[in-house]
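Reading the structure
Take a look at the letters that make up each chain.
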Amino acid sequence: MEQHLLEAKHALGYPLEPSETLGDDNNPARELDTLLYLAFQHASSKRSRARHVRFGHSRLFFLGQYVLELAFAEFFLQRYPRESPAPMRERVFGLIGKRNLPRWIKAASLHNLIFPYDDMDRLVRKERESTVKSVFWALFGAIYLCFGMPEVYRVLFEVFGMDPDAEDCQPKLRRQLEDIDHVSAEFEGKISWQDMVAYKLCFLHPSKYKFDHPRFCYERLEYLGQKIQDLVMAERLLMKHLDAPGLWLQNRHRRLLMNKFCGRYLRAKNLHRFIVYSEKVQDAYERSYRLKYPVNTAVQQALHGLSYAVYGKRDVRRLMFEVFDFEQIQPQAMYI
């Protein structure tokens, strides 16, 4: 890969000089060459047999998936302000689903760096797609660490040429509720976190107002909150466990953010009492309290989405690790 590093940097639009010359000693962009090298060391490459190379690639792969999910969530939430999360997820899948990734890699002329001795189009689809996905996710993990989210968007739309308006990226047609906005006037001007919570945007269950105001519930905030919550936890785990492989981090990440635990964090603060349901749903939940658990998780994520939209990622960290204490170890049930 060393001899192809200049080719990769040229394809991605970076200067060909060694990255050690970029900025001062504290500039993360100085690590670009090292991280790009690791990003292309997928499981089937010879260099990945070395433990430190294999672990480095898997850690970038682990981070990159959440970077891409958050990037597209933010992009489509702003692009389609009246759309629910379901069609947005279909748009994201249409762009970065594993079947489409080889097309983007080929458009950026990076396929020869991933498969230097094979014709990518003639490989078995399962082998081709898994390898390309590994490199693609790891590549964006490296770009995010060096340059941040703005550079992620540049590479997605300028280098890979992704087109959100492409016909094969459009969601399925579905019945759309009439979207009449009666409440925007109340949000004019700058509003504080307290004002937003007082208006209970994060606590409105879709059963209450969705058929009157499709955007007037927590679904869009929940979608954003889930993505920023995943990325913040991924960054936390990477910093705490500097030598852990990506697979171990993935399992740890999944365990800490399991739905039943997220709802438990909300209930521990007695915030579940503020959720507003319709009368029919409220009666059903009173008969079976476990039905409320997914709703508790959704509200928890909506709070993180609102925090990110108003104050940014730093405040999401505050909520997750200072207010709700997401890293607390969940005791396993003991049967006597």
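Presented here is a report on the structure given in the accompanying data block. Please read these numbers as outputs of a predicted model, since none were measured by experiment. (Residues numbered from 1 in each chain as written. Predicted model: local features only at pLDDT ≥ 70, side-chain atom pairs only at ≥ 80, totals over all residues. Heavy atoms only, no water.)

1. Digging into the pattern of salt bridges
Opposite charge on two side chains lets them pair, provided their charged atoms get close. Threshold: Salt-bridge detection follows one rule: a side-chain nitrogen of Lys or Arg within 4 Å of a carboxyl oxygen of Asp or Glu. The helix count covers DSSP runs of H or I at least four residues long, the strand count covers runs of E at least two residues long, and both are numbered beginning at the N terminus. The buried label applies to any residue whose accessible area, calculated with a 1.4 Å probe on protein chains only, is under 20% of its type's maximum; exposed applies above 50%, and partly exposed to all values in between.
Here the structure, examined in full by the defined rule, presents 13 salt bridges. The salt bridge partner of K9 is D33, with a shortest N-O separation of 3.0 Å. Of this pair, K9 sits in helix α1 (residues 5–12) while D33 is found in helix α2 (residues 32–39), placing the two residues 24 residues apart along the sequence. Here K9 falls in the buried class, since its relative accessible area comes to 2%. D33 sits in the buried class, given a relative accessible area of 14%. Note that E235 and R317 form a salt bridge whose closest N and O atoms lie 3.5 Å from each other. Highlighted residues: E235 in helix α11 (residues 219–240) and R317 in helix α16 (residues 313–323), separated in sequence by 82 residues. Taking relative accessible area as the criterion, E235 reaches 15% and is therefore assigned buried. When salt bridges with common partners are traced through the structure, they connect E151, R154 and E158 into a single cluster.

2. A look at the side chain of S134
Threshold: Here, residues are in contact when the closest pair of their heavy atoms is within 4.5 Å.
Relative to the assigned elements, S134 resides in helix α7 (residues 125–147). Leaving out residues up to four positions away in the same chain, S134 has contacts with H42, H57 and F61.

3. Observations regarding the side chain of H42
What counts, and what does not: Whenever two N or O atoms come within 3.5 Å, that pair is a polar contact, provided that in protein one can donate a hydrogen and the other can accept it, and provided that, for residues adjacent in sequence, both atoms are side-chain atoms.
Within the secondary structure, H42 sits in the loop between α2 and α3 (51–79). Under the relative-accessibility criterion, H42 is labelled buried at 5%. Of note is the side chain of H42, whose polar atom sits 3.0 Å from the backbone oxygen of I114.

4. Digging into unusual backbone geometry
A positive phi angle is found at N270, which is not glycine, with a value near 60 degrees. Its place among the elements puts N270 in the loop between α13 (259–268) and α14 (279–287). In this structure, D325 takes a positive phi of about 55 degrees despite not being glycine. Mapping D325 onto the fold places it in the segment after α16. With a relative accessible area of 36%, D325 lands in the partly exposed category.

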